[in-house]
Amino acid sequence: MFSHERIIIRRGPESGLPIIVAVHSTALGQALGGCRFKPYADWRDGLADALRLSTAMTAKCALAGLPNGGGKTVIVGDRSRGEAALHDVGAVIEELGGSYATGPDVGTGPDDMVTIGARTSHVFCRPVAAGGSGDSSPGTAVGTVAALRAVCEAQFGSPDLARRSFSVLGLGRVGGRVARLLAETGAKLLVTDVDPAKRALADELGAGWVTPDEGLTAAVDVVVPAALGGVLTPASVAALRCSAVAGPANNQLDAEPTADLLHARGILWAPDYVVSAGGVISATAAELRHETPAQVAARLDGIAGTLAGVFAAARRDDVTPAAAAAAEARRRVLTPPG
Ligand SMILES: NC(=O)c1ccc[n+]([C@@H]2O[C@H](COP(=O)([O-])OP(=O)(O)OC[C@H]3O[C@@H](n4cnc5c(N)ncnc54)[C@H](O)[C@@H]3O)[C@@H](O)[C@H]2O)c1
């Protein structure tokens, strides 16, 4: 989109681990983005993740209509020095003086936000008992289902999920809830996870259980990536047998041109940062704007309208939904409301 405002890379004084905080944009307001804690092979891989994910957070907040920008924290390492590393992160965020706040991401959870919160107040999603809004994945799941309605409307002419088939890849905090919500509509469901223990949920929902490879290439209406990123590559796109791909997993495309391959095959891809905005929408609604449950529900439902707008712009301008979403995000960031 454009270059980062600030990038801090430091060996944490308490943990000795590489701590990376990337603030991409504060043009629309305080930058938001979770804290990823992961043992990368090289700290530069962590930096690449922080840069990519913080840029996506700017687009996510802009398209969600939030008065926020994008940032990201990455701790490179395992959890053996977890508490010290989280304190290091808190110290860096405190130095930024409120221009950036963090929350949970891969490798961290609400309890870790309490630990970061020992050094800074700029932290979201502490447990409810500790004064935060807790786990954001229920909001992400509800927003994902709203997005799936928009996808079905655009691709099949009706938002009715009950008439469609879905393959959910990953039954974690978000994917498990999405599968449950889809099952409640009566939709036909295949599910998969690398963790065999998740098969119990498939049985409970009456969903078919397949391997991750089978789930990705299943002949269903919509594949719903809800595990890790990078699932859409030139090879996997060539093997897809679905009509659309839409899910909450971050960074689903291995590279931007893969969106063109999906488009060329007539497979509708919903930009992941639009689909997965429910988490940040619900957390900021509860903690910053103190909105009622009805207001939060309306905002989550609004993801369907946002996505419909992206699809309409893509058709109008004869570009991919990825390009249309990126153009709209850029426009909003460069022309903040007065
Ligand atoms: N939690 C949120 O609120 C939120 C918000 C925005 C985006 N996301 C994104 O959504 C995705 C899922 O997040 P989550 O919080 O549910 O994570 P999670 O760790 O709770 O769940 C991920 C699940 O995917 C499974 N998995 C891992 N590799 C797999 C593979 N190759 N095939 C099938 N299953 C696999 C894991 O076993 C696990 O059950 C991530 O990409 C995350 O970045 C989450």
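On a predicted model such as this, the values are computed, not experimentally measured, just so you know. (Residues numbered from 1 in each chain as written. Predicted model: local features only at pLDDT ≥ 70, side-chain atom pairs only at ≥ 80, totals over all residues. Heavy atoms only, no water.)

So, on to a nonpolar patch on the surface. Taken together, the side chains of I7, I9 and W43 define a hydrophobic patch exposed on the protein surface, amounting to about 260 Å² of accessible area. Classification of W43 as partly exposed rests on a relative accessible area of 33%. (Patch = residues over 30% accessible without salt bridge, like charges linked within 9 Å, V, L, I, M, F, W, Y side chains within 5 Å. Areas by Shrake-Rupley, 256 points an atom, 1.4 Å probe, with all protein chains shown as cover. Salt bridge = Lys/Arg side-chain N within 4 Å of Asp/Glu carboxyl O. Buried < 20%, exposed > 50% of the residue type's maximum accessible area, 1.4 Å probe, protein only.)

A few words on the UniProt feature "active site" (unreviewed entry) in the chain. The sites that UniProt annotates as "active site" (unreviewed entry) are K72. Tracing the sequence through the fold places K72 in strand β5 (residues 69–76). Since its relative accessible area comes to 3%, K72 is described here as buried. Sequence-distant contacts of K72, defined by excluding residues within four places in its chain, comprise I20, V21, A22, G33, G34, A50, L53, S54, Y100 and D105. (UniProt positions renumbered as here; feature names shortened; annotations may be inferred. Helix = DSSP H or I, 4+ residues; strand = E, 2+ residues; numbered from the N terminus. Contact = heavy atoms within 4.5 Å.)

Further remarks concern the nonpolar core. General note: in soluble globular proteins, nonpolar side chains tend to be found buried as a group. Core analysis: the largest hydrophobic core is formed by 63 residues, its most contacted members being L148, V151, F166, V168, V222 and L307. Tallying contributions element by element places helix α12 (residues 293–317) first for this core, with nine residues. Among residues more than four places away in sequence, those in contact with V151 are F156, V222, A244, A246, L268, A270, L307 and F311. If you look at the next biggest cluster of nonpolar residues, it comprises 19 residues, including I19, V89, L96 and M113. (Core = buried A, V, L, I, M, F, W, Y, C linked by side-chain atoms within 4.5 Å.)

Attention now moves to the layout of surface pockets. Space inside the second largest pocket adds up to approximately 640 Å³. N251, L253, E256, Y273 and A326 are the residues nearest the centre of the second largest pocket, which is lined by 24 residues in total. Broken down by secondary-structure element, the contributors of at least two residues to the lining of the second largest pocket are α1 (43–63), α9 (258–264), α10 (272–275) and α13 (321–334). In terms of residue class, the lining of the second largest pocket is made up of 14 nonpolar, four polar and six charged. No fewer than three residues from each of domain 1 (6–56 + 69–128) and domain 2 (137–278 + 305–331) sit in the lining of the second largest pocket. (1 Å grid on protein atoms, 1.4 Å probe; cavity = no way out; pocket = protein on both sides within 12 Å on 5 of 7 lines; lining within 4 Å. Points joined across faces, edges and corners; volume = space filled by probe spheres on them. Nonpolar A, V, L, I, M, F, W, Y, C, P; charged D, E, K, R; others polar. Domains from an automatic or database assignment.)

With that settled, consider the pairing of strand β8 (residues 188–192). Across five bridges, strand β7 (residues 165–169) lies against β8 in parallel orientation. Counterpart to L169 in the pairing with β8 is T192. The parallel pair β7 and β8 is bridged by helix α5 (residues 173–185), and the resulting crossover is right-handed. Across two bridges, β8 lies against strand β9 (residues 208–209) in parallel orientation. Bridge assignment links V191 to a residue of β9, and that residue is W209. Once you follow β8 into helix α6 (residues 199–205) and on to β9, the crossover reads as right-handed. (Pairing = 2+ DSSP bridges. Right-handed = clockwise from strand over helix to strand, strands pointing away.)

Since the α-helix turns once every 3.6 residues, residues separated by three or four places project in the same direction. Spanning 13 residues, α5 covers 19 Å between terminal C-alpha atoms, matching the ideal 18 Å at 1.5 Å per step. Taken residue by residue, α5 has V174, G175, G176, V178, A179 and L182 as its buried positions. Contact partners of the buried residues in α5: α4 (137–156), β7, β8, α6 and β10 (222–225). Following α5 by one or two positions, G186 adopts a phi angle in the positive range, close to 90 degrees. (Expected span 1.5 Å × (residues − 1).)

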